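Report on the structure
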Amino acid sequence: MRYSVAMTGEVETAMRDHLVRSDGQEDVLIATYVLSTGIERTTALIKRVIFPGDGERLVHGNASFTGQYVLRASNEARAQGHGVVLLHSHPSGKGWQRLSATDWATESEYERVAYAITKMPLLGMTLGGRDTSWSARFWFDKSTPTWAESVRSVSAKLAVTWNDEIIPVPRTTRSQQRTISSWGERTQASLARLRVLVVGGGSVGLDVAQRLAATGLVSVGVMDYDAVETVNLDRMIGATRLDAALGRSKVDVAARLMSSAATADRFQVLRHEVSVTDPVGMNAALDYDVIFSCVDRPWPRAVLNAIAYSDLIPVIDGGIALDTFPDGRMRNGIWRAHTIVPGRPCMACLGQLVVGDIPLDKEGLLDDPEYITGAHRDAPSRQNVAALSASVSGALLAQFVSLTAHPGGRGTPAPLRYILSTHTLEHSSADSGLYCPYEGDTAIGDARTSLAEHREDWRTVVRDRAHTKRPLRLRIAVVAECILQRLLSLAT
Ligand SMILES: [Zn+2]
């Protein structure tokens, strides 16, 4: 199991403002956390800051907690079902902080108290004052802590402190020279370590995934249970006629193209042939730091919209809608891109997710021509053009760069849309709904009301594909393809 910590930018600011003192002294603070449990990674989400009352902490040289402060905070945490976080600062510290003998003694002493009251492990965190870097460890027993691999602050800007001992800085390669000269080694070292998931391996997802690999990211996941079909070939750049004839899975095609585009030393594709609307798919998504939503269906987008807030994982979403005149000529095209993070409106508040469509999608009614006619709805538009789908992937990737590399120091923009007929780029002025249920669930982790459901339909698609018998000419073509790829890799 891997461990990490995440918090909203708002919580981070509150904790930092308390811990970084104008007199340069150390200080201490207590907060609470809840868990967000993925398949391979467990993340503690910082929930609430409990500031010390008068006399509840000592600030002379080495700052310290009083037993009374720890007891009061632990009882408040228990009342909410949260765990306890003990925080302190190292005013001159830079980068991921280790524990001094005093720190170790303090945290291991309070480990039993916190566990006895909350029944959750104590979390220890340190703020390095010189570059506001965070570090964290879980105390599963009093003898030795289990270190987290990263601490993420999530807002319009994603800021990550990495534990270099668990996730070392990836070696840069010669093919990355131009990339690194654009944003520097520090940004590259952080960005390359992000685990990014692309949900949907269609025209946009396939393009995004390849460009992430080429940017030097070390671990990129792709999630899709569908296969390439001939009708996809006008937009899925890099997919071949053989892929369509074989009905090869989109995940396998993405993996092949990403591996040849990758510039990282040890590139890893993580394949997920599942639906994100299934608990298995949703839990796998919780292992990631950033998610691209490259699906157009309401149900999977609703799942991603929810975990962006409940589990503090930024979701970069967008899409394209083309519009034609009755005689078939093009009237207009609009593409959008927005990053769903705490502090920014969710897909529903943006009008990009119609909550009433989610149950229709679950029942499969959005594809049912009889239902669509009876309900006087328009059938979902399936139109897309390769020349324009690159604009969507470009817009999503620009959101990713703003989120992670912070050009201009500003993080992700307000939701953007480009209108093809008038050549205008608009900033949406949409705001969060006052009682938005998605945003109201910020940082609730495993207490989320899950929108994912166990279904057999996508499992059947994956199973049938595995058992399809191929005609002889296709089997020969696959062998020839293998030999050709082997020869190419030997030659270069
Ligand atoms: Zn909302």
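Predicted, not measured: the structure shown is a model, and the values here were computed from it.

1. Focus on the overall build of the chain
Looking only at helices and strands, the chain has 15 helices and 19 strands in total. Against the globule reference of 23 Å for 492 residues, the chain gives a C-alpha radius of gyration of 24 Å, in line with a compact fold. Expressed along its principal axes, the backbone C-alpha trace of the chain runs to roughly 75 × 60 × 45 Å. Evaluated residue by residue, the chain yields a buried proportion of 51% over its 492 residues. When contacts within the chain are restricted to residue pairs at least 6 apart in sequence, long-range pairs at least 24 apart make up 69% of them. Positive and negative side-chain charges of the chain, numbering 53 and 54 respectively, have mean locations separated by a distance of 5 Å.

2. Side note on the nonpolar core
Membership of the largest hydrophobic core comes to 51 residues, with the highest contact counts inside it found for Leu212, Met258, Phe292 and Phe400. The element that contributes the greatest number of residues to this core is helix 12 (residues 386–405), accounting for seven residues. The residues touching Phe292, leaving out its near neighbours within four places in the chain, are Val196, Leu197, Val198, Val199, Val208, Leu212, Ile316, Leu396, Leu397 and Phe400. Counting residues in hydrophobic clusters, the runner-up holds 41 residues, among them Met7, Leu29, Ile46 and Trp147.

3. Focus: the domain arrangement of the chain
Its domain assignment divides the chain into domain 1 (2–162) and domain 2 (174–463). For domain 1 versus domain 2, the separation of C-alpha centres amounts to 33 Å. Facing 23 residues of domain 1, the contacting portion of domain 2 comprises 32 residues. Summed over both sides, the interface between domain 1 and domain 2 buries roughly 2300 Å², with carbon and sulfur atoms accounting for 55% of that surface. Contact with domain 2 buries surface across domain 1, with Ala156, Leu158 and Trp162 losing the most and accounting together for 27% of the total. Remark: the boundary between domain 1 and domain 2 carries three salt bridges. The salt bridge involving Asp289 is made with Arg41; its shortest N-O contact spans 2.7 Å. Between domain 1 and domain 2 we count 16 residue pairs in polar contact (both at pLDDT 80 or more) in total. Within the residue set of the side of domain 1 that touches domain 2, elements represented by two or more residues are strand 1 (2–8), strand 2 (28–37), strand 3 (41–50), strand 10 (150–154) and strand 11 (158–162). Class assignment for the residues of the side of domain 1 that touches domain 2 results in 12 nonpolar, five polar and six charged.

4. Considerations on the environment of Ser260
Of note, Ser260 is situated in helix 7 (residues 250–261). Along the sequence, Ser260 and Gln210 sit 50 residues apart, while their C-alpha atoms lie 8.6 Å from each other.

5. Digging into the environment of Phe292
Position of Phe292 among the secondary structure elements: in strand 15 (residues 290–293). Separated by 76 residues in sequence, Phe292 and Gly216 place their C-alpha atoms 17 Å apart.

6. Some points on the packing of aromatic side chains
Going through the model one piece at a time under the given rule, you end up with 10 aromatic pairs. On the basis of an interplanar angle of 50 degrees and a centroid distance of 5.3 Å, the ring pair of Tyr3 and Phe140 is categorised as tilted. In this pair, Tyr3 sits in strand 1 while Phe140 sits in the loop between strand 8 (133–139) and strand 9 (146–147), placing the two residues 137 residues apart along the sequence. Overall, the relative accessible area of 17% leaves Tyr3 in the buried class.

7. Notes on the sheet that holds strand 11
Strand order in the open sheet made by the nine strands is 9-8-7-6-2-3-1-10-11, with mixed pairing throughout. With partners counted over all chains shown, the strands left at the sheet margins are strand 9 and strand 11, one partner each. Both strand 2 and strand 3 contribute to a ladder of eight bridges, which runs antiparallel. Looking across to strand 3, one finds that Val34 is bridged to Leu45. Across the face of the sheet, helix 2 (residues 67–80) comes into contact with strand 2, strand 3 and strand 6 (83–90) while running at roughly 115 degrees to strand 3.

8. Considerations on the coordination of the zinc ion
Protein ligation of the zinc ion involves Cys346 (SG), Cys349 (SG), Cys436 (SG) and Glu439 (OE), the donor distances falling in the range 2.0 to 2.3 Å. With four donor atoms in place around the zinc ion and angles of 102 to 118 degrees between them, the coordination shape is tetrahedral. All donors of the zinc ion come from a single chain, and their spacing in sequence reads C-x2-C-x86-C-x2-E. This pair shows no difference in class: Cys436 is buried, exactly as Glu439 is.

9. Topic: helix 7
For helix 7, spanning 12 residues, the distance from its first C-alpha to its last is 16 Å, which sits close to the expected 16 Å at 1.5 Å a residue. Taken residue by residue, helix 7 has Lys250, Val251, Val253, Ala254, Ala255, Leu257 and Met258 as its buried positions. Residues of helix 7 that are buried in the fold lie against helix 5 (203–215), strand 13 (219–223), helix 6 (241–246) and strand 14 (268–272).

10. Remarks on a nonpolar patch on the surface
Together, Val479, Ile483 and Leu487 give the surface a local cluster of nonpolar side chains, amounting to about 290 Å² of exposed area. For Leu487, the position within the fold is in helix 15 (residues 472–491). Here Leu487 falls in the exposed class, since its relative accessible area comes to 52%.

11. Some thoughts on the sheet that holds strand 12 (residues 195–199)
Read across the open sheet, the eight strands follow the order 14-13-12-15-16-17-18-19; overall the sheet is mixed. One side of each edge strand has no neighbouring strand; the edge strands of this open sheet are strand 14 and strand 19 (424–427). Taking each pair of neighbouring strands and ignoring which way they run, the sheet shows an average axis angle of 15 degrees. Its contacts with the sheet place helix 7 against strand 13 and strand 14, and it is angled at close to 170 degrees to strand 14.

12. A word on the state of the cysteines
Following the criterion strictly, the structure yields zero disulfides and no others. For Cys294, which is in no disulfide, the shortest distance to another cysteine sulfur is to Cys346 and amounts to 19 Å.

Definitions and cut-offs
Residues numbered from 1 in each chain as written. Predicted model: local features only at pLDDT ≥ 70, side-chain atom pairs only at ≥ 80, totals over all residues. Heavy atoms only, no water. Helix = DSSP H or I, 4+ residues; strand = E, 2+ residues; numbered from the N terminus. Rg over C-alpha atoms; globule rule 2.2 N^0.38 Å. Buried < 20%, exposed > 50% of the residue type's maximum accessible area, 1.4 Å probe, protein only. Contact = heavy atoms within 4.5 Å. Lys, Arg positive; Asp, Glu negative; His and termini not counted. Charge placed at Lys NZ, Arg CZ, Asp CG, Glu CD. Core = buried A, V, L, I, M, F, W, Y, C linked by side-chain atoms within 4.5 Å. Domains from an automatic or database assignment. Buried area = accessible area lost by both parts, 1.4 Å probe. Salt bridge = Lys/Arg side-chain N within 4 Å of Asp/Glu carboxyl O. Polar contact = N/O pair within 3.5 Å; in protein donor to acceptor, adjacent residues only side chain to side chain. Nonpolar A, V, L, I, M, F, W, Y, C, P; charged D, E, K, R; others polar. Phe/Tyr/Trp six-rings, centres within 6.5 Å; stacked < 30°, edge-to-face > 60°. Pairing = 2+ DSSP bridges. Axes fitted to C-alpha atoms, helices over the stretch in contact; angles between N-to-C directions. Donors = N, O, S within 2.8 Å, 3.2 Å for Na, K, Ca; no water. Tetrahedral: all angles 85-135°; square planar, octahedral: opposite > 155°, others 65-115°. Expected span 1.5 Å × (residues − 1). Patch = residues over 30% accessible without salt bridge, like charges linked within 9 Å, V, L, I, M, F, W, Y side chains within 5 Å. Areas by Shrake-Rupley, 256 points an atom, 1.4 Å probe, with all protein chains shown as cover. Disulfide = S-S within 2.5 Å.

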